[in-house]
Amino acid sequence: MSRKLRLLLYAAAGGLTLLVLGIVTVLGAYVYFAPGLPDAQALKDVQLQVPLRIYTRDGRLIAEYGEQRRVPLTLEEVPDPLEHAILAAEDDRFYQHPGIDVFGIARAAVNNVLAGEIVGGASTITQQVARNFFLSFDQTWTRKIREAFLSIKIEQELTKDEILELYLNKIYLGNRAYGFGAASEIYYGKPLNQLNLAQMAMLATIPKAPSKYNPIADPERALIRRAYVLGRMLELGYIDSAAYDEAMAAPVTASYHGVVSEVDAYYVGELVRADLVARVGEEAAYTDGYRVITTLDSRLQKAANQSIRDALQEYDLRYGYRGPIGHLEPESFDAETLAEDFDAVVGDFREPGNLQTAVVMELTDTVARVFVREVGPIEIGMAGLEWAAPAQDLRQTGPAPEMPADVLAVGDIIYVLRDPEVAAKIESEADDETGVNADINNEAGWRLAQIPEVQGALVSLDPEDGAVVALVGGYDFFYSKYNRAVQARRQPGSSFKPFIYSAALANGFTPATIVNDAPVVFADEELEDVWRPQNDSGRFYGPTRFREALVNSRNLVSIRVLQTMGIGNAIDYLSSTYGFDRERLPRNLSLALGSGAYSPMEMASAYTVIANGGYRVQPYYIDEIIGPGGKTIFRADPAIVCPECEVVETELAAADVAVDGEAITESSPLPESPGEEPVAVALPLNDAAFAGMIERREPRIAERVQSAPVNYLIADMMRDVIQRGTGRRARVLGREDISGKTGTTNEYRDAWFSGFNPEIVTTVWIGFDDFSTLGSGEYGGRAALPAWINYMRVALAGTPEVYHERPPGLVTVRIDPETGLLAGAGNPDAIFETFVEGTVPPEQPAIVRENGEDGEDDTEQSLF
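Predicted model only: the values in this text are computed from it and were never measured.

Visitor: Account for the overall build of the chain, naming residues and giving values.
Guide: Each helix and strand in the chain was counted, giving 26 helices and 31 strands. Here the chain holds 864 residues, and 49% of them are scored as buried. Of the contacts made within the chain by residues no fewer than 6 positions apart, 69% connect residues no fewer than 24 positions apart. With an accessible surface of roughly 40900 Å², the chain has 51% of that area assigned to carbon and sulfur atoms.

Following this line, the structure appears as structure tokens:
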């Protein structure tokens with residue numbers, strides 16, 4: 001045997017031995033590791049961690065809660081170019097290998113040697129799925145062996161498409177993005193099907209090393225990796241040369257698009273988050289992909305936010321400037337350094353509401369030149385500074401500034417905002433002769449601003465079912481998470497009076513009842529002191545009609561009304577009709593002046609009774625909860641106002657209608673002959689009227705808690721509050737179908753306005769969290785009503801006027817406005833008033849004097 005042959009035989013024997021040893025080693029390793037491998041079938045039931053998302057009723061995103069941002073996709077929803085880019089970058093033989101790719105390992109090794117760095121990996125997509133779902137990322141031989149065996153097992157139990165779909169949804173792509181659906185939104189701010197080839201190829205570069213090939217963190221390195229991916233796509237025939245050239249020339253367009261709320265409703269978002277955690281637990285709430293649809297209207301929520309912020313800013317302007325939020329030495333910055341990295345030079349200051357951070361660059365006699373974060377240099381003239389008199393104690397201010405240097409210094413870090421009123425003022429000051437704006441450098445309406453210390457809340461409800469259509473709990477959620485709309489209990493002051501007056505109407509009072517507006521002194525044991533209440537004006541107006549007392553918010557009349565009616569009777573009525581907690585209603589005469597403490601939500605809820613005709617509805621803000629797999633697990637079922645249903649219920653009860661098989665049988669007391677049984681009349685189900693009755697009875701019907709006549713009267717009296725009373729500022733809306741009531745508490749600690757028409761109820765509260773005074777003269781009509789007006793201007797825009805339907809049981813007659821009695825035919829001062837049937841006052845008798853002329857009525861009156 002020749003030497004060459006012997007060498008070949010030795011080599012063959014050695015190779016065979018190595019092969020056998022390798023097979024034995026692999027089999028031994030499999031026997032060793034197989035018992036510890038997880039069940040690949042579990043991947044079919046895997047629950048991807050998908051965050052909680054909360055939406056308005058019209059589909060706008062409010063908030064997202066959860067550590068991992070994910071947008072699950074089916075393979076059919078993934079564009080072909082992205083799938084091809086991923087296969088080209090990660091595993092071009094994915095549909096050929098059994099889970100591990102020997103040829104891929106060899107090719108990757110050669111490419112890495114030639115490139116002098118790692119440009120391609122050896123792990124298949126299946127191996128990456130095994131690692132991401134079941135294994136750690138430890139760089140150990142044990143983990144790699146288990147990964148290889150598990151990959152083969154996965155390939156045997158799942159289809160290739162199932163494996164690829166898991167990969168597309170699971171892989172981490174940086175910036176909290178898990179899966180390509182989320183990555184598309186985070187890096188490009190749009191869904192996958194709206195990306196171009198260059199952008200898809202860029203996403204395909206990230207799985208290799210999310211921190212290294214991240215187009216935001218290192219765009220240059222990401223471009224190199226993108227070129228590799230596009231080259232592989234061209235080589236594999238996924239794209240042609242023209243598409244390759246176009247994509248290679250495309251610039252890096254990725255930027256961070258974090259969770260961007262479409263609607264600023266975080267106060268409601270937090271309520272929903274807490275609610276869902278209580279229902280399903282914290283872990284499930286944040287990872288199982290729940291979607292919650294709220295009752296909010298995005299248009300109205302935007303208006304509510306702006307209205308409250310504007311009102312708080314408007315109030316803040318009245319009490320002066322509290323100084324800059326920081327200061328830089330003038331030599332430590334310039335426009336160039338601020339433009340390059342504003343936050344690094346200035347620092348990270350919160351920007352609540354619509355405020356923007358700025359630095360004062362230069363001052364002249366007429367303007368302040370400032371550099372605004374993310375805007376650049378602007379100029380603020382005296383129109384934007386004239387409000388900034390120095391703030392002093394006790395809601396006082398110092399002298400108004402005459403030039404910018406009276407307010408600012410170079411290097412001051414300040415807040416600014418664009419104010420339409422400032423822009424309008426500048427426009428009005430334009431030179432009539434030259435047409436040149438007197439403050440042209442400030443034509444955009446910029447002004448100096450500050451974070452208001454005062455706070456506010458707004459709650460707006462649909463009175464038909466209690467749905468919360470807008471809610472604001474403060475100036476800015478991220479500045480203060482305390483939700484004043486539902487958590488703050490404040491005294492409502494005179495905005496509570498309509499409830500007292502409606503109780504009085506139900507207990508014998510009429511709109512024309514005369515009550516004496518005169519000084520009173522009470523030794524009240526509940527108040528533990530002698531109490532001398534008075535009107536806000538400090539004046540007393542004598543005998544006053546009931547309606548006029550509400551219109552002008554007369555405190556002393558309200559107290560006498562409550563005293564006559566009885567505190568116990570009032571509390572019974574307030575709790576049963578408006579839902580106020582009996583235990584929280586003061587058991588003394590201060591109840592008449594709103595001395596209890598209630599949240600804006602509670603007040604708005606109570607007002608829905610008057611707005612909807614006398615029915616109790618409960619506020620709610622969750623419309624629907626959609627759980628894992630898209631299954632609805634909760635849908636709101638509110639009681640709704642349905643006057644027609646009330647009529648039907650009455651008719652059915654009287655007629656004793658019953659469902660019997662396919663017909664409704666009514667026992668009808670038709671005229672009978674002696675000894676005959678009542679005649680049964682068959683009413684088929686397809687009869688339109690009775691089918692309508694059945695259909696209308698399906699929803700839960702709200703309970704009537706206030707009689708229709710009393711409800712109509714109190715709503716009508718509150719319309720007069722708007723038309724000629726303390727809420728007359730709201731006439732600017734140009735509508736006559738709105739009712740409302742102002743509210744102000746002792747020492748001006750709280751300012752309220754609640755108002756409505758039959759289709760919407762809105763309550764606004766303004767005050768300080770520490771219960772300090774708003775300042776003298778800060779009535780509800782001044783501090784709170786402007787926010788209500790601005791919100792309702794949007795809410796009512798384009799809607800026809802809607803009035804409460806006058807119910808049966810009311811009569812309208814002419815009365816003497818001085819006495820409240822029925823006016824004689826010849827009384828020239830008579831006015832019309834409406835009464836519940838049976839309560840019309842007697843006619844005022846004519847008094848004949850000695851000279852034979854009619855005189856004034858000398859009849860003795862009970863003035864309570």
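Now that the structure is up, let's keep going.
Visitor: Hey, could you go over the sheet that holds strand E20 (residues 632–635) for me, with residue numbers and the actual values?
Guide: On the basis of which strands lie adjacent, the open sheet formed by 5 strands has the order E2-E1-E3-E19-E20 and mixed pairing. Strands at the two margins of the open sheet, each flanked by one partner only, are strand E2 (61–65) and E20. For this sheet, the mean inter-axis angle between neighbouring strands, taken without regard to orientation, is 15°. Its contacts with the sheet place helix H11 (residues 266–280) against strand E1 (52–55), E2, strand E3 (291–294), strand E19 (622–626) and E20, and it is angled at close to 45° to E2.

Visitor: For the pairing of strand E10 (residues 412–418), give the residues involved together with the corresponding values.
Guide: Of all 7 residues that make up E10, 6 are buried, and the element is covered over most of its length. The pairing of strand E4 (residues 326–327) with E10 spans 2 bridges and is classified as antiparallel. In the strand pairing of E10, Gly 326 is matched with Ile 413. Across 4 bridges, the pairing between strand E5 (residues 356–363) and E10 is antiparallel.

Visitor: How would you explain the layout of surface pockets if you had to name every residue and give the values?
Guide: Rolled over the atoms, a probe as big as a water molecule pinpoints where empty space is left. By volume, the second largest pocket is sized at about 690 Å³. Taken together, 27 residues make up the lining of the second largest pocket; nearest its centre are Asn 612, Gly 613, Tyr 615, Pro 643 and Glu 805. Of all the elements in the fold, those that place two or more residues in the lining of the second largest pocket are helix H22 (643–655) and helix H24 (708–724). By residue class, the composition of the lining of the second largest pocket is 15 nonpolar, 4 polar and 8 charged.

Visitor: Can you explain the nonpolar core? Please cite residues and give values.
Guide: Phe 496, Phe 499, Tyr 501, Leu 574, Tyr 578 and Phe 580 are the most contacted members of the largest nonpolar core, which totals 80 residues. Those residues in contact with Tyr 501, other than ones at most four positions away along the chain, are Phe 546, Ala 549, Leu 550, Arg 554, Val 557, Ser 558, Ile 714 and Met 717.

Visitor: Go over helix H19 (residues 555–565) with me, naming the residues and quoting the values.
Guide: For H19, the tally of buried residues reaches 9 of 11 residues, placing the bulk of the element in the interior. At the exit of H19 stands Gly 566, carrying a positive phi of roughly 100°.

Visitor: Describe in detail the packing of helix H8 (residues 197–205) against helix H9 (residues 219–235), supporting the description with residues and values.
Guide: Where H8 meets H9, the axes come as close as 8 Å, and the angle between the chain directions of the two elements is 110°. Considered as vectors, H8 and H9 are oriented roughly perpendicular to each other. When H8 is examined against H9, the residues Leu 197, Ala 198, Ala 201, Met 202, Ala 204 and Thr 205 are found in contact with a partner set consisting of Ala 222, Leu 223, Arg 225, Arg 226, Val 229, Leu 230 and Met 233. The class makeup of the residues in the contact of H8 with H9 is 10 nonpolar, 1 polar and 2 charged.

Visitor: Account for the packing of aromatic side chains, naming residues and giving values.
Guide: Within this structure, the stated rule accounts for 24 aromatic pairs. Ring centres 5.6 Å apart and planes at 5° place the aromatic pair Phe 496 and Tyr 598 in the stacked group. Of the two residues, Phe 496 sits in the loop between strand E13 (468–472) and helix H17 (497–505) while Tyr 598 sits in the loop between helix H20 (567–578) and helix H21 (600–611), which places them 102 residues apart along the sequence. Take Phe 496 and Tyr 598: they sit in the same class, and that class is buried. On the numbers, 4.6 Å between centres and 40° between planes, the contact of Tyr 501 with Phe 546 is tilted. Of the two residues, Tyr 501 is situated in helix H17 and Phe 546 in helix H18 (residues 546–551); the sequence distance between them amounts to 45 residues. Through a chain of ring-to-ring contacts, the aromatic side chains of Phe 496, Phe 499, Tyr 573, Tyr 578, Phe 580, Tyr 598, Tyr 607 and Phe 756 assemble into a single cluster. The aromatic ring of Phe 634 is capped on one face by Arg 279, whose charged end is 4.5 Å from the ring centroid. Above the plane of the ring of Tyr 541 lies Arg 554, whose end atom (NZ or CZ) is 3.6 Å from the centre.

Visitor: Run through the sheet that holds strand E26 (residues 750–757), naming residues and quoting values.
Guide: Strand order in the open sheet formed by 5 strands is E13-E12-E27-E26-E25, with antiparallel pairing between adjacent strands. Edge positions in the sheet fall to E13 and strand E25 (739–744), since each has one partner strand and no second. Strand-to-strand twist in this sheet, taken as the mean axis angle between neighbours without regard to direction, amounts to 5°. Pairing of strand E12 (residues 455–461) with E13 involves 4 bridges; the strand directions are antiparallel. By the bridge assignment for E13, Leu 458 is matched with Val 472.

Visitor: Give me the lowdown on the environment of Ala 204, citing residues and values where you can.
Guide: Inspection of the secondary structure puts Ala 204 in helix H8. Residue Ala 204 is classed as buried on the basis of its relative accessible area of 1%. Linking Ala 204 and His 84, residues 120 residues apart in sequence, is a C-alpha distance of 9.3 Å. Sequence-distant contacts of Ala 204, defined by excluding residues within four places in its chain, comprise Ala 85, Ile 86, Ala 89, Glu 90, Phe 180 and Val 229.

Visitor: Explain the pattern of salt bridges to me, and be specific about the residues and the numbers.
Guide: Counted according to the given criterion, the structure contains 38 salt bridges. When the shortest N-O distance is used, the salt bridge between Arg 545 and Glu 548 registers 3.7 Å. Look at Glu 548 and you get buried, because its relative accessible area is 15%. Between Arg 635 and Glu 624 there is a salt bridge, and its shortest N-O distance comes to 3.1 Å. Taken together, the positions of Arg 635 in strand E20 and Glu 624 in strand E19 put the pair 11 residues apart, joining distant regions of the chain. With relative accessibility at 53%, the residue Arg 635 sits in the exposed group. A cluster of three or more residues bridged by salt bridges with shared partners is formed by Arg 545, Arg 547, Glu 548, Asp 716, Arg 719, Asp 720, Arg 724 and Glu 833.

Visitor: How would you summarise unusual backbone geometry if you had to cite specific residues and measurements?
Guide: Positive phi outside glycine occurs at Arg 395, with the angle close to 55°. Note that Arg 395 resides in the loop between strand E8 (391–392) and strand E9 (396–397). Using a relative accessible area of 24% as the deciding quantity, one classes Arg 395 as partly exposed. Positive phi, close to 65°, is recorded for Phe 771, a residue that is not glycine.

Visitor: Can you tell me about the side chain of Ser 754, naming the residues and giving the values?
Guide: Following the sequence through the fold, Ser 754 ends up in strand E26. Looking at Ser 754, its side chain comes within polar contact range of the side chain of Thr 763, at 2.8 Å. Residues in contact with Ser 754, not counting those within four places in the same chain, are Tyr 607, Ser 739, Gly 740, Lys 741, Thr 762, Thr 763 and Trp 788.

Visitor: Tell me what's going on with the packing of helix H13 (residues 298–317) against helix H26 (residues 785–795), and back it up with residues and numbers.
Guide: The interhelical angle for the contact between H13 and H26, taken along N-to-C directions, is 155°, at an axis separation of 8 Å. The angle between the axes of H13 and H26 places the two elements in the roughly antiparallel class. The crossing of H13 and H26 is right-handed. Only Pro 786, Ala 787, Asn 790, Tyr 791, Val 794 and Ala 795 of H26 make contact with H13, whose side of the interface consists of Arg 299, Leu 300, Ala 303, Ala 304, Ser 307, Ile 308, Ala 311 and Glu 314.

Visitor: Describe in detail helix H2 (residues 80–90), supporting the description with residues and values.
Guide: Three- or four-residue spacings in an α-helix give side chains the same orientation, since the helix completes a turn every 3.6 residues. Within H2, 8 of the 11 residues are buried, which leaves it mostly tucked inside the rest of the structure. Residues Leu 82, Glu 83, Ala 85, Ile 86, Leu 87, Ala 88, Ala 89 and Glu 90 constitute the buried set of H2.

Visitor: Give me the lowdown on the environment of Val 268, citing residues and values where you can.
Guide: Along the chain, Val 268 turns up in helix H11. Ignoring anything within four residues of it in the chain, the contact list for Val 268 reads Thr 294, Leu 296 and Leu 471.

Analysis parameters
- Residues numbered from 1 in each chain as written.
- Predicted model: local features only at pLDDT ≥ 70, side-chain atom pairs only at ≥ 80, totals over all residues.
- Heavy atoms only, no water.
- Helix = DSSP H or I, 4+ residues; strand = E, 2+ residues; numbered from the N terminus.
- Buried < 20%, exposed > 50% of the residue type's maximum accessible area, 1.4 Å probe, protein only.
- Contact = heavy atoms within 4.5 Å.
- Areas by Shrake-Rupley, 256 points an atom, 1.4 Å probe, with all protein chains shown as cover.
- Pairing = 2+ DSSP bridges.
- Axes fitted to C-alpha atoms, helices over the stretch in contact; angles between N-to-C directions.
- 1 Å grid on protein atoms, 1.4 Å probe; cavity = no way out; pocket = protein on both sides within 12 Å on 5 of 7 lines; lining within 4 Å.
- Points joined across faces, edges and corners; volume = space filled by probe spheres on them.
- Nonpolar A, V, L, I, M, F, W, Y, C, P; charged D, E, K, R; others polar.
- Core = buried A, V, L, I, M, F, W, Y, C linked by side-chain atoms within 4.5 Å.
- Parallel < 35°, antiparallel > 145°, perpendicular 65-115°, else oblique.
- Phe/Tyr/Trp six-rings, centres within 6.5 Å; stacked < 30°, edge-to-face > 60°.
- Lys NZ or Arg CZ within 6 Å of the ring centre and 35° of its normal.
- Salt bridge = Lys/Arg side-chain N within 4 Å of Asp/Glu carboxyl O.
- Polar contact = N/O pair within 3.5 Å; in protein donor to acceptor, adjacent residues only side chain to side chain.
- Left-handed = near helix turned anticlockwise from the far one by under 90°.

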